[in-house]
Amino acid sequence: MLDQIKGLHHVTSMAKDAAQNNQFFTHKLGLRRVKKTVNFDAPDVYHLYYADELGTPGSVMTYFPFPNIGQGRPGVGEVGTTVFSVPDGTLPFWEKRFAEQGVGGLARNEQFGEKRLSFAGPDGDGFALVEAKGDTRAPWVKGGVGNDEAIRGFHSATLRLRDGGATEELLKFMGYEAVDTSGNVKRLAVKDGNGADFIDIETLPGASFAGMGAGSVHHIAFAVENRAKQLEVRKALMDTGYQVTPVIDRDYFWAIYFRTPGGVLFEVATNEPGFDRDEDTAHLGEALKLPSQHAHLRDYLENNLQPLDD
């Protein structure tokens, strides 16, 4: 069993409209946009990052907004719900805020002894807030939500699978352990994590497979401290039979990717070097930052990428 993984690093999803996406996460959720850059493989498409003040691993929601993308089709073989942590007793605040701002899909329930508020993103993305007692992570407080209510970072992510057995064994190999079960949902947790410590596996044997599109999670990333730890994880996964990519430089972290038995794309990302490598902390996410191989496209991209309403 590995011990290098310390919880979630980021979750990356697909969207249709960049300005709408930016407005939702910065104004409605009150997160900070910590980076405005472009997709490495499609530089005419943004890659937008939302997080706490620093872009701390375990708090980073990222998006590829493709203007002509079709709507995603929910199903198995994907991340179904991305869950954020909020302070105890704050769900009434958030429910009122979301209702006033026209956020859809609002529903209250309780799972694993935690109060939960489900809601939908602008492309039908599956989200929830959970009242997490004892979450001491510092929030971003300049996004219109005060310190007492603001999002602390990720709490968990739910994988929707036809058969969760093989993925559960993979997660256990990655350092997670089963801690609880609620109906058809099994919860796994990583010890000594970064606060974004839970993965839930929802088993739906007869469900259709998901179709990737707007509102779909593209991949989910797990955090390791540095490149040395990442190489240890990569070797262990490959020795177990997984097909893992070489290490890829993503400017703000190094990444490796592999496909899980249930169909979900996993990434293992380093905490280094961080989002302040090319901007000081006070101005994260303000300027358009380009990977070096796309620097020559700056004039074109600045004139053709959709303006964001900041």
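Residues numbered from 1 in each chain as written. Predicted model: local features only at pLDDT ≥ 70, side-chain atom pairs only at ≥ 80, totals over all residues. Heavy atoms only, no water.

Chemist: Please explain the overall build of the protein as it appears in this structure.
Modeler: Helix and strand counts for the protein stand at five helices and 16 strands. In terms of overall dimensions, the protein is globule-like: its C-alpha atoms have a radius of gyration of 18 Å, near the 19 Å expected for 310 residues. Over its C-alpha atoms, taken along the principal directions, the protein stretches across nearly 50 × 45 × 35 Å. Within the protein, the fraction of its 310 residues that count as buried is 55%. A fraction of 67% describes how many contacts in the protein between residues 6 or more apart in sequence connect residues 24 or more apart. Summing over all exposed atoms, the protein offers an accessible surface of approximately 13000 Å²; the carbon and sulfur share of this is 48%. (Helix = DSSP H or I, 4+ residues; strand = E, 2+ residues; numbered from the N terminus. Rg over C-alpha atoms; globule rule 2.2 N^0.38 Å. Buried < 20%, exposed > 50% of the residue type's maximum accessible area, 1.4 Å probe, protein only. Contact = heavy atoms within 4.5 Å. Areas by Shrake-Rupley, 256 points an atom, 1.4 Å probe, with all protein chains shown as cover.)

Chemist: Explanation requested: the UniProt feature "domain: Cyclic nucleotide-binding" (unreviewed entry) in the protein in the structure shown.
Modeler: The feature "domain: Cyclic nucleotide-binding" (unreviewed entry), as annotated in UniProt, sits at residues 77–137 in this numbering. Helix makes up 16% of residues 77–137 and strand 44%, and the two end C-alpha atoms of the span are 31 Å apart. (UniProt positions renumbered as here; feature names shortened; annotations may be inferred.)

Chemist: Explain the packing of aromatic side chains here, please?
Modeler: Given two aromatic rings, their pairing is described by the distance between the two centres and the angle made by the two planes. According to the stated counting rule, one finds 18 aromatic pairs in the structure shown. Grouped by ring-pair contacts, the aromatic residues Phe-24, Phe-25, Tyr-50, Tyr-63, Phe-84, Phe-93, Trp-94, Phe-98, Phe-119, Phe-127 and Phe-154 constitute a single cluster. The ring of Trp-254 has Arg-227 sitting right over it, with the charged end atom 4.4 Å from the ring centre. Of note, Arg-250 hangs over the ring of Phe-40, and the distance from its end group to the ring centre comes to 5.0 Å. (Phe/Tyr/Trp six-rings, centres within 6.5 Å; stacked < 30°, edge-to-face > 60°. Lys NZ or Arg CZ within 6 Å of the ring centre and 35° of its normal.)

Chemist: Looking at this structure, I do not really get the nonpolar core. What am I missing?
Modeler: When a protein is soluble and globular, its nonpolar side chains tend to lie buried together. Counting residues in each nonpolar core, the largest one holds 62 residues, and the members touching the most others are Leu-29, Leu-129, Leu-171, Ile-220, Phe-222 and Phe-266. If we skip the residues at most four places from it in the chain, Leu-129 touches Val-83, Phe-84, Val-86, Leu-91, Trp-94, Phe-98, Lys-115, Arg-116, Leu-117, Phe-119 and Ile-151. Among the nonpolar cores identified, the runner-up in size contains 13 residues, and Tyr-49, Tyr-257, Phe-275 and Leu-284 belong to it. (Core = buried A, V, L, I, M, F, W, Y, C linked by side-chain atoms within 4.5 Å.)

Chemist: What exactly am I supposed to notice about the sheet that holds strand 3 (residues 46–51) here?
Modeler: Within a sheet, each strand pairs with its neighbour through backbone hydrogen bonds, oriented either parallel or antiparallel. In space, the eight strands of this open sheet follow the order 2-3-4-1-13-16-15-14, with mixed pairing throughout. The open sheet has two edge strands, strand 2 (32–38) and strand 14 (248–249), and neither has a second partner. Along the sheet face, helix 1 (residues 18–28) touches strand 1 (8–15), strand 2, strand 3 and strand 4 (60–65) and points at about 5 degrees away from the line of strand 3. (Pairing = 2+ DSSP bridges. Axes fitted to C-alpha atoms, helices over the stretch in contact; angles between N-to-C directions.)

Chemist: Quick question: what am I supposed to make of helix 2 (residues 91–100) here?
Modeler: Note that an α-helix has 3.6 residues per turn; residues three or four places apart therefore point the same way. When we look at burial in helix 2, the residues that qualify are Leu-91, Trp-94, Arg-97 and Phe-98. All buried residues of helix 2 lie within an arc of 125 degrees about the axis, which places them on one face of the element. In helix 2, those exposed residues whose orientation departs by more than 90 degrees from the buried face are Lys-96, Ala-99 and Glu-100. Each element contacted by the buried residues of helix 2 is listed here: helix 1, strand 5 (78–86), strand 6 (107–111), strand 7 (114–120) and strand 8 (126–131). (Arc of directions from axis to C-beta.)

Chemist: Is there a simple way to think about unusual backbone geometry in this case?
Modeler: Backbone geometry follows two general trends: most residues other than glycine have a negative phi, and most peptide bonds adopt the trans configuration. Residue Pro-273 is bonded to the preceding Glu-272 through a cis peptide linkage, with omega at -5 degrees. The phi dihedral of Phe-112 falls on the positive side, at around 55 degrees, and the residue is not glycine. Locating Phe-112 in the fold gives a position in the loop between strand 6 and strand 7. Taking the relative accessible area as the measure of exposure, Phe-112 reaches 16% and is therefore buried. A positive phi angle, near 55 degrees, is found at Asp-192, a position not held by glycine. On the secondary structure map, Asp-192 appears in the loop between strand 11 (185–190) and strand 12 (198–203). Since its relative accessible area comes to 67%, Asp-192 is described here as exposed.

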